[in-house]
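Topology and contacts: notes
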Amino acid sequence: MRNYDLKQVLWVEDDTSIIPQFIEDAENSGLELVPNCCWDDAKEALENDYDRWSAIILDAKCKHHRYSADSAVVFLREALKDISVLAATKGRTIPWYVLTGGDTSEVSDSINDERMKWDKDWTDSTNKKYYSKNTDTEMLYNRIKYHAQESPRLQIQKMYRNVFNAIEECKIDDEAYNALEDLLVPIHFPGEIEACDYNDKFQKARDILEYIFRSMSAYGILPDWGKQVNLTASSLLLDNMDFKNKDDSPIVKSRARILPKELSRIMKVMVNIIPPFCHSDSGIEDNVRKKEYMTSVENSTFLLKSFTLQFCDLILWYRNYLREHPDKEENAKNWEIIDEKQLRRK
């Protein structure tokens, strides 16, 4: 699991002999260095999880591709170009620094002036555009901590670390992890999204529910629903209620209450509201109507935000339940399939 107390630093370095000591020294300074041996690997790490990183350290004489030769000119040219493009695409510049133990004249000529936005005082005081591995690493770590800007997502991961750790421990799909981040960020950083756009994210809430239920199925707490998770049936079984056909005959019988009553009531509300709010309103009179509701509450975002926070409690409860009930076969004794044909009906 990621250490949320340490600022995350993407480090491009191909000399494996120095990596352990540098990682240890950086950790003592409050940084987690994550090494990549070439720019291709580092670029992929940036593209896959851009908001994770607070800084980038580039070993000047490194490799562009995994099997290419070390070249400060080629490596820095390609790396700095890609960093600039990603910053424009993502709307946030990650401060980068060049760390070298090699030919400083070659290195200096290859470093552009973009870094002067956050590192000008270093250059003014030392007349250097780079940091030396021999003399400047401690200073570099201190400056990274000073200039590092944590993205809203990284701050959310720290604020809700118990919840995100629980998602990983329960092996809930990464898509749920990402969806929960998407819903939590605007609660604490309202400037990140317009209210109308936030209210269009009920599908992410549905995704979170489905992935929680899929995880429960993997541990035997719920039946395997197949390709399409039955949200209603899942909420019934967790509440010690049978899942039935329209003629009142049972499809799956419940043999025990799983969810506490408080969470069961919340779950029923979410299951009744979230799915229809993912789609345009139907003409059926009894159905929940998103447009009508939103108009009545001046298009507030509080309903979805309240569901988002309730997910956090549900996930924390689930982790504790799973710790006490880890056996899949024992968990499956809490329900019984009566009508196999109807179990996975569309």
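Anyway, here's the lowdown on the structure attached to this text.

Cut-off values and rules
Residues numbered from 1 in each chain as written. Predicted model: local features only at pLDDT ≥ 70, side-chain atom pairs only at ≥ 80, totals over all residues. Heavy atoms only, no water. Core = buried A, V, L, I, M, F, W, Y, C linked by side-chain atoms within 4.5 Å. Buried < 20%, exposed > 50% of the residue type's maximum accessible area, 1.4 Å probe, protein only. Helix = DSSP H or I, 4+ residues; strand = E, 2+ residues; numbered from the N terminus. Contact = heavy atoms within 4.5 Å. Phe/Tyr/Trp six-rings, centres within 6.5 Å; stacked < 30°, edge-to-face > 60°. Lys NZ or Arg CZ within 6 Å of the ring centre and 35° of its normal. Salt bridge = Lys/Arg side-chain N within 4 Å of Asp/Glu carboxyl O. Polar contact = N/O pair within 3.5 Å; in protein donor to acceptor, adjacent residues only side chain to side chain. Axes fitted to C-alpha atoms, helices over the stretch in contact; angles between N-to-C directions. Parallel < 35°, antiparallel > 145°, perpendicular 65-115°, else oblique. Nonpolar A, V, L, I, M, F, W, Y, C, P; charged D, E, K, R; others polar. Pairing = 2+ DSSP bridges. Patch = residues over 30% accessible without salt bridge, like charges linked within 9 Å, V, L, I, M, F, W, Y side chains within 5 Å. Areas by Shrake-Rupley, 256 points an atom, 1.4 Å probe, with all protein chains shown as cover. Lys, Arg positive; Asp, Glu negative; His and termini not counted. Charge placed at Lys NZ, Arg CZ, Asp CG, Glu CD. Disulfide = S-S within 2.5 Å.

**A closer look at the nonpolar core**
By size, the foremost hydrophobic cluster in this structure holds 58 residues, and its most contacted members are Ile-212, Phe-213, Phe-311 and Tyr-318. Looking at this core element by element, the count peaks at eleven residues for helix H15 (residues 302-324). Setting aside chain neighbours within four positions, we find Ile-212 in contact with Ile-172, Phe-311, Leu-314, Ile-315 and Tyr-318. By size, the runner-up hydrophobic cluster in this structure holds 44 residues, among which are Phe-22, Ala-45, Ala-79 and Tyr-141.

**As for the packing of aromatic side chains**
Counted according to the given criterion, the structure contains ten aromatic pairs. In this structure an aromatic cluster arises from ring pairing among Tyr-97, Trp-122 and Tyr-131. One residue, Lys-305, lies across the ring of Tyr-198, its end atom 5.6 Å from the ring centre.

**Thoughts on the pattern of salt bridges**
Taken as a whole and assessed by the stated rule, the structure comprises 26 salt bridges. Taking the shortest distance from any N to any O, the salt bridge between Asp-82 and Lys-43 comes out at 3.7 Å. In this pair, Asp-82 is assigned in helix H3 (residues 72-90) and Lys-43 in helix H2 (residues 39-48), connecting sequence segments 39 residues apart. Two residues, Asp-121 and Arg-143, come together in a salt bridge whose shortest N-O distance is 2.6 Å. Note that Asp-121 is positioned in helix H5 (residues 116-126) and Arg-143 in helix H6 (residues 137-147), a separation of 22 residues in sequence. Via salt bridges that share partners, Asp-51, Arg-153, Glu-181, Asp-182 and Lys-204 belong to a single interconnected network.

**Remarks on the environment of Asp-247**
Along the chain, the position of Asp-247 falls in the loop between strand S6 (243-244) and strand S7 (250-254). Put simply, Asp-247 and Arg-214 are 33 residues apart on the chain and 27 Å apart in space, counted from C-alpha to C-alpha. Within the structure, the side chain of Asp-247 is placed 2.5 Å from the side chain of Ser-249, a separation counted as a polar contact.

**A word on the packing of H2 against H3**
At a minimum axis separation of 11 Å, H2 and H3 run at an interaxial angle of 10 degrees. Taken together, the axis directions place H2 and H3 in an arrangement best described as roughly parallel. Contacts between H2 and H3 pair Trp-39, Lys-43, Leu-46 and Glu-47 from the former with Phe-75, Glu-78, Ala-79, Asp-82, Ile-83, Leu-86 and Lys-90 from the latter. For the contact of H2 with H3, the class distribution of residues is six nonpolar, no polar and five charged.

**What about the side chain of Asp-136?**
Looking at where Asp-136 falls in the secondary structure, it is placed in the loop between strand S5 (131-132) and H6. A distance of 3.1 Å separates the side chain of Asp-136 from the side chain of Thr-135, its partner in a polar contact. Beyond its immediate chain neighbours, meaning those up to four positions away, Asp-136 contacts Trp-122, Lys-128 and Tyr-131.

**Comments concerning the sheet that holds S7**
In spatial order, the strands read S6-S7-S8; together these three strands make up an open sheet with antiparallel pairing. Bordering the open sheet on either side are S6 and strand S8 (335-337), each of which pairs with just one other strand. Bridging between S6 and S7 involves two bridges; their strand directions are antiparallel. The residue bridging Phe-243 from the neighbouring strand is Val-252, located in S7.

**Quick look at a negative patch on the surface**
A contiguous patch of negative charge, built from Glu-24, Asp-25, Glu-27 and Glu-138, is present on the exposed surface. Among the elements that take part in the negative patch, helix H1 (residues 19-28) stands out by supplying three residues, more than any other. On the secondary structure map, Glu-138 appears in helix H6.

**A word on the state of the cysteines**
The final tally for this structure, using the stated rule, is zero disulfides. Cys-37 supplies the cysteine sulfur nearest to Cys-38, a cysteine that is in no disulfide, at a spacing of 4.4 Å. Using a relative accessible area of 0% as the deciding quantity, one classes Cys-38 as buried. With no disulfide of its own, Cys-312 lies 13 Å from the sulfur of Cys-170, the closest cysteine sulfur.

**Let's talk about the sheet that holds strand S2 (residues 31-36)**
Taken in spatial order, the five strands make up an open sheet running S2-S1-S3-S4-S5, and their pairing is parallel. Bordering the open sheet on either side are S2 and S5, each of which pairs with just one other strand. The pairing of strand S1 (residues 7-12) with strand S3 (residues 55-59) spans four bridges and is parallel. Each residue of the ladder has a partner; that of Trp-11, found in S3, is Ile-57. Contacting S1, S2 and strand S4 (96-100), H1 runs over the sheet at an angle of about 155 degrees to S2.

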